[in-house]
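So the chains spell out like this:
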Amino acid sequence: MTFTRFVEVGRVVLLNFGPNEDKLATIVDIIDQNKCLIDGPVDITGVARQVCSYKRIALTDLTVKIERTSTAEEIKSAWEESDIMAKWEASSWAKKLSSKKKRANLTDFDRFKVMVARKQKSAIIAKKLATMS
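A brief report on the enclosed structure follows.

The rules behind the values
- The residue numbering used here restarts from 1 in each chain and proceeds along that chain's sequence as written.
- With the structure being a predicted model, the display of local features is reserved for residues of pLDDT at least 70 and the display and counting of side-chain atom pairs for 80 or more, all residues being used for whole-chain, interface and lining totals.
- Calculated side-chain values reflect all of the structure's heavy atoms, with hydrogen atoms and water omitted.
- For every residue, the accessible area obtained with a 1.4 Å probe (protein chains only) is divided by the maximum for its type, and the residue is called buried under 20%, exposed over 50%, and partly exposed between those limits.
- Think of it this way: any DSSP run of H or I at least four residues long counts as a helix, any run of E at least two long counts as a strand, and we number them from the N terminus.
- When we speak of the arc, we mean the arc of directions from the helix axis to the C-beta atoms.
- Only heavy atoms enter the contact rule, under which two residues are in contact if any of them lie within 4.5 Å.

In an α-helix, one full turn covers 3.6 residues, which means residues spaced three or four apart are oriented alike. Within helix 2 (residues 72-82) the residues assigned to the buried category are Ile-75, Ala-78, Trp-79 and Ser-82. Relative to the axis of helix 2, the buried residues are bounded by an arc of 100° and lie together on one face. Among the exposed residues of helix 2, those oriented more than 90 degrees off its buried face are Glu-73, Glu-80 and Glu-81. At its buried positions, helix 2 is contacted by strand 1 (11-15), strand 2 (24-30), strand 3 (35-39), helix 1 (42-45) and helix 3 (84-90). Taken from the residues just after helix 2, Asp-83 is the one with a positive phi, measuring 55°.

Our next topic: unusual backbone geometry. The step from Gly-40 to Pro-41 runs through a cis peptide bond, and the omega angle for that step is 0°. Mapped onto the elements, Pro-41 comes out in the loop between strand 3 and helix 1. Backbone geometry at Asp-22 places phi at a positive 65°, although glycine is not the residue there. Following the sequence through the fold, Asp-22 ends up in the loop between strand 1 and strand 2.

See the structure below:
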C-alpha cells in the first residue's frame, strides 16, 4: 500500500486545530519540512492566507490546479472550476464531520428521543426476525 496524499501545492487540506478548525484550505506554498502557506479562499471557506504547521492540517484526496504562490482570485477560480466544495460535501469524511457536529448540538431531550427511536427500531427488527424463524 503506497501513499496517495502528498504535501503539494494545490492539495486541499482540512484544518484540525485553532480558530479555523474543520474548515478547508489549499496549500499555496511549502515553506519547510514543518510548515506550509495555506489559503482558503476567504470567500468560500473563510480561511485567510496564513502559515500553518503540518500538525494542524489533515490532507484530503482533493487537489486543485494552481501554481506556487497563486493569488486569492486564482485559487477561488480553481476551486469553482474543480467544484471542490461539492466534492467535499459528497465525501464520507465530510458527512461524518457534519453528523458529529449535529450530534454534539443535541439537547438532553433530543438525545432521549434518539434513544427511544433506536429502541423502537430494534424492537421492530427483533419481532420480524422472530416471525421469520
